[in-house]
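Below, each chain spelled out in residue letters.
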Amino acid sequence: MDAGWIPPREWVSDGTVFSDVAVLRTQAWTTLFTAKRTAAAAPGTAPAAIDIIVRVLTIPANMGDNAARVAEEREKFLAEARLQKRLTDAGARAWIPILQISEDPRNTAYAMRRGGPSLKDLIDNRAHLSAKDLYAVVLSVLQGLKELHDREKRSHGSLKASDVLASLPGDIGFAYKLTDPTPRGDDHSANDLFNLGLILFSLIENKDYDPLTPLIATSRWDRFGARRDRWMHFL
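Residues numbered from 1 in each chain as written. Predicted model: local features only at pLDDT ≥ 70, side-chain atom pairs only at ≥ 80, totals over all residues. Heavy atoms only, no water.

Chemist: Could you give me a rundown of the overall build of the protein, with the residues and numbers involved?
Modeler: A count of helical and extended segments in the protein gives 6 helices and 7 strands. In terms of C-alpha radius of gyration, the protein reaches 20 Å, essentially the compact-globule figure of 18 Å for 235 residues. Across its three principal axes, the protein shows a C-alpha extent of roughly 60 × 50 × 35 Å. Here the protein holds 235 residues, and 42% of them are scored as buried. Partitioning the contacts of the protein with sequence separation of at least 6, the portion at a separation of at least 24 is 58%. Of the roughly 12,900 Å² of accessible surface on the protein, a fraction of 53% belongs to carbon and sulfur atoms. (Helix = DSSP H or I, 4+ residues; strand = E, 2+ residues; numbered from the N terminus. Rg over C-alpha atoms; globule rule 2.2 N^0.38 Å. Buried < 20%, exposed > 50% of the residue type's maximum accessible area, 1.4 Å probe, protein only. Contact = heavy atoms within 4.5 Å. Areas by Shrake-Rupley, 256 points an atom, 1.4 Å probe, with all protein chains shown as cover.)

See the structure below:
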């Protein structure tokens, strides 16, 4: 472990091994690591490693003496992880599974299955998604929002392209999966649907939506064929 993070003791007490730990990126209050997680295998079976993301609460240097702010950020961090774990533990199929949560104040972290590229990655790379792929995005996101509302009676709260990840080969469930619900969501599901429309526009046009510019069917909409007008009306 030479990447600046050591797994919490309770995560490895049963023989689970974390390897190939590397920093993925640093964000405000968090650092993300990639790693492989190999759970202890039953006698006579070979252990299987899975790719994971570990999100670790990282206290900024200028906040070390601000106990109230640190406690607030820590609770938000854990509330998000607990919510997503409740969903996947209950059988949600359109969310990235949370595998483990550490509430140790000295090592607050959670581990989740690694997904594929996010929709933000696809937008930034100007990827061209087919009509079938875009339909899979809509179906997956709506399913994830339904699972969240059915169980928790709330919205995502801050749906963004970076919150929707492509499933990896062999994953069970939908083609895309959600992550990172806000800790304090509400029942304003219309906001999630509006944000889904913004995401779809960016995937189709490879640019952000400008509310001052009328929605015009450019050649990028030709992928929908006879259903082009229906897709535009949906947005």
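Still more to cover.
Chemist: Can you break down the layout of surface pockets residue by residue, with the values?
Modeler: When its volume is computed, the largest pocket comes out at roughly 850 Å³. Taken together, 35 residues form the lining of the largest pocket, with Arg25, Gln27, Leu32, Arg55 and Asp180 sitting closest to its centre. At the level of secondary structure, the elements contributing two or more residues to the lining of the largest pocket comprise strand S1 (17-27), strand S2 (30-38), strand S3 (49-57), helix H2 (67-89), strand S5 (109-113) and helix H3 (119-124). Considering every element that reaches the lining of the largest pocket, the biggest residue donor is H2, with 4 residues. Across the lining of the largest pocket, the residue classes break down as 13 nonpolar, 9 polar and 13 charged. (1 Å grid on protein atoms, 1.4 Å probe; cavity = no way out; pocket = protein on both sides within 12 Å on 5 of 7 lines; lining within 4 Å. Points joined across faces, edges and corners; volume = space filled by probe spheres on them. Nonpolar A, V, L, I, M, F, W, Y, C, P; charged D, E, K, R; others polar.)

Chemist: Describe the packing of aromatic side chains, and please don't skip the residues or the numbers.
Modeler: When we look at a pair of aromatic rings, we describe it by the centre distance and by the angle of the planes. Tallying each qualifying case throughout the model produces 9 aromatic pairs. Geometrically, the ring pair formed by Phe77 and Tyr110 is tilted, given 5.1 Å between the ring centres and 50° between the ring planes. With Phe77 in helix H2 and Tyr110 in strand S5, this residue pair connects regions lying 33 residues apart in the sequence. Feature note: the residues Trp5, Trp11, Phe18 and Phe33 constitute an aromatic cluster, connected by ring pairs. (Phe/Tyr/Trp six-rings, centres within 6.5 Å; stacked < 30°, edge-to-face > 60°.)

Chemist: So, the sheet that holds S5: which residues are in play, and what are the values?
Modeler: Strand order in the open sheet formed by 5 strands is S1-S2-S3-S5-S4, and the pairing between neighbours is antiparallel. Strand pairing shows two members of the sheet lacking a second neighbour, S1 and strand S4 (98-102), which therefore form its edges. The sheet shows a mean angle of 20° between the axes of neighbouring strands, direction not considered. Pairing of S2 with S3 involves 9 bridges; the strand directions are antiparallel. Paired with Lys36 across the two strands is Asp51, which belongs to S3. The sheet contacts of H2 involve S2, S3, S4 and S5, and relative to S4 the element is tilted by about 150°. (Pairing = 2+ DSSP bridges. Axes fitted to C-alpha atoms, helices over the stretch in contact; angles between N-to-C directions.)

Chemist: Can you lay out the pattern of salt bridges for me, pointing to particular residues and giving the numbers?
Modeler: As enumerated under the stated definition, the model contains 17 salt bridges in all. Glu80 is the partner of Arg55 in a salt bridge, and the nearest nitrogen-oxygen pair spans 3.3 Å. Taken together, the residues Arg55 in strand S3 and Glu80 in helix H2 connect sequence positions 25 residues apart. Classification of Glu80 as buried rests on a relative accessible area of 15%. The closest approach of N and O atoms between Asp150 and Lys146, which form a salt bridge, is 2.6 Å. Taken together, the residues span about one helical turn, with Asp150 and Lys146 both in helix H4 (residues 131-152) at a distance of 4 residues. Asp150 gets classed as partly exposed once you look at its relative accessible area, which sits at 41%. (Salt bridge = Lys/Arg side-chain N within 4 Å of Asp/Glu carboxyl O.)

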